[in-house]
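# Results of the structural survey
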Amino acid sequence: MAIQVGDKAPDFELKDNHGRAVKLSDFRGEKNVVLLFYPFAFTGVCTGELCELRDNLPKFEDRDTQLLAISNDSIHTLRVFAEQEGLEYPLLSDFWPHGETSRAYGVFDEGKGCAVRGTFVIDKEGVVRWTVVNGLPDARDLNEYVTALDAL
């Protein structure tokens, strides 16, 4: 069961595509966070979604929001993926313990061994204010994230 609107977002610490530790709580009191889980780097739908976010990054920066994208890929895979696609926001690795953060948010598919497409808009106080969970093949609409941020 995925985390619901009104829940306190579970804190985590994951390595980004440069090997730096990133904690959700680092943004508390400072920025809203759009937490985006995706299945795997280098796949068609995931690449399309993440590049669309890249192309619209100012929409999040202008709303005092940090974008964090999480997959179960290794940091090495994420580094190459980010470089290849020109992704300037953190790609976080939920590789080991495998899927621990994805499970905490209720978006880990045990049968496939990866996260489904879960998105959580988290306010500056660390509370989930909007969420959507899509199946593996179903892309999300980033305009919904922007609308949710505007409602904060």
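Refer to the structure presented above.
This section reports on the structure supplied with the text. All values derive from a computational prediction rather than experimental measurement.

## Brief notes about the layout of surface pockets
Estimates place the volume of the largest pocket at around 180 Å³. In this structure, the largest pocket is lined by Asp-16, Asn-17, His-18, Arg-20, Ala-21, Val-22, Ala-82, Glu-83, Leu-87, Glu-88, Tyr-89 and Pro-90. Counting only elements with at least two residues in the lining of the largest pocket, the list comes to β2 (21–23) and α3 (75–85). Taken together, the residues of the lining of the largest pocket sort by class into 6 nonpolar, 2 polar and 4 charged.

## Thoughts on empty space enclosed by the protein
Tallied over the entire structure, the rule returns 1 cavity of 30 Å³ or more. Space inside the largest cavity adds up to approximately 40 Å³. The wall of the largest cavity is formed by Leu-24, Phe-27, Arg-28, Lys-31, Val-33, Ile-122, Asp-123, Lys-124 and Gly-126. Residues that form the lining of the largest cavity fall into these classes: 4 nonpolar, 1 polar and 4 charged.

## Some thoughts on the pattern of salt bridges
Opposite charge on two side chains makes pairing possible when the charged atoms of those side chains draw close. Scanning the model with the defined rule gives 9 salt bridges in all. Put simply, Glu-49 and Arg-117 hold a salt bridge, and the shortest N to O gap is 2.9 Å. With Glu-49 in helix α1 (residues 44–55) and Arg-117 in strand β8 (residues 117–122), this pair connects stretches of sequence that are 68 residues apart. With a relative accessible area of 7%, Glu-49 lands in the buried category. With a relative accessible area of 3%, Arg-117 lands in the buried category. One salt bridge connects Arg-103 with Glu-110, and the closest N-O pair in it is separated by 2.8 Å.

## Re the sheet that holds strand β1 (residues 13–16)
If you walk across this open sheet you meet the 7 strands as β2-β1-β5-β4-β3-β8-β9, and the pairing is mixed. Two strands lie at the open edges of the sheet, namely β2 and β9 (128–134), each paired on one side alone. Averaged over all pairs of adjacent strands, the angle between their axes in this sheet comes to 30°, without regard to strand direction. Here β8 runs beside β9; their pairing, made up of 6 bridges, is antiparallel. Bridge pairing in β9 links Ile-122 to Val-128.

## Quick notes on the environment of Glu-49
Note: C-alpha distance between Glu-49 and Lys-31 (18 residues apart in sequence) is 22 Å. Beyond its immediate sequence surroundings of up to four residues, Glu-49 is in contact with Arg-117, Asp-138, Ala-139 and Arg-140.

## Details of the packing of aromatic side chains
For the structure on display, the rule yields 7 aromatic pairs. Ring geometry for Phe-37 versus Tyr-105: centroids 5.4 Å apart, planes at 45°, classification tilted. You can see Phe-37 sitting in strand β3 (residues 32–37) and its partner Tyr-105 sitting in the loop between α4 (100–104) and β6 (108–109), a full 68 residues away along the chain. Using a relative accessible area of 0% as the deciding quantity, one classes Tyr-105 as buried.

## A short note on the nonpolar core
Core analysis: the biggest nonpolar cluster contains 25 residues, and Tyr-38, Leu-50, Leu-53, Phe-60, Tyr-89, Leu-91 and Tyr-145 have the highest contact counts within it. The greatest single-element share of this core, amounting to 5 residues, is contributed by helix α5 (residues 142–150). Those residues in contact with Phe-60 that sit more than four places away from it in its chain are Val-34, Leu-53, Thr-65, Leu-142, Tyr-145, Val-146 and Leu-149. Core analysis: the second largest hydrophobic core is formed by 21 residues, Phe-27, Val-33, Tyr-105 and Val-128 among them.

Reading the values: rules and limits
- Every chain is numbered on its own, with residues counted from 1 as its sequence reads.
- Selection of residues for local features in this predicted model requires a pLDDT of at least 70, selection of side-chain atom pairs for listing and counting requires 80 or more, and totals for whole chains, interfaces and linings are taken over all residues.
- To obtain the side-chain values, all non-hydrogen atoms of the structure were included, while hydrogens and water were left out.
- The way it works is a 1 Å grid over only the protein atoms, where trapped points that fit a 1.4 Å probe form a cavity and open points with protein on both sides within 12 Å along at least five of seven lines form a pocket, and then any residue with an atom within 4 Å of a point lines it.
- Grid points are joined across faces, edges and corners, and a volume is the space filled by probe spheres set on the points.
- Only DSSP runs of H or I reaching four residues or more are called helices, and only runs of E reaching two or more are called strands; each is numbered from the N terminus.
- Think of it as three bins: nonpolar holds Ala, Val, Leu, Ile, Met, Phe, Trp, Tyr, Cys and Pro, charged holds Asp, Glu, Lys and Arg, and polar takes everything else, Gly as well.
- Only one rule defines a salt bridge in this text: a Lys or Arg side-chain nitrogen within 4 Å of an Asp or Glu carboxyl oxygen.
- Note on classification: 1.4 Å probe, protein chains only; a residue is buried when its accessible area is under 20% of the maximum for its type, exposed when over 50%, partly exposed between these limits.
- Two strands pair under a simple rule: DSSP has to find at least two bridges between them.
- The axes are straight lines fitted to the C-alpha atoms, using for helices just the contacting stretch, and the angles between their N-to-C directions are given from 0 to 180°.
- The criterion used for residue contact is that any of the two residues' heavy atoms lie within 4.5 Å.
- Here a Phe, Tyr or Trp ring, Trp counted by its six-membered ring, pairs with any other such ring whose centre lies within 6.5 Å, and the pair is stacked when the planes are under 30 degrees apart, edge-to-face when over 60, and tilted otherwise.
- To define a nonpolar core, start from buried Ala, Val, Leu, Ile, Met, Phe, Trp, Tyr and Cys residues and group those joined through side-chain atoms within 4.5 Å.

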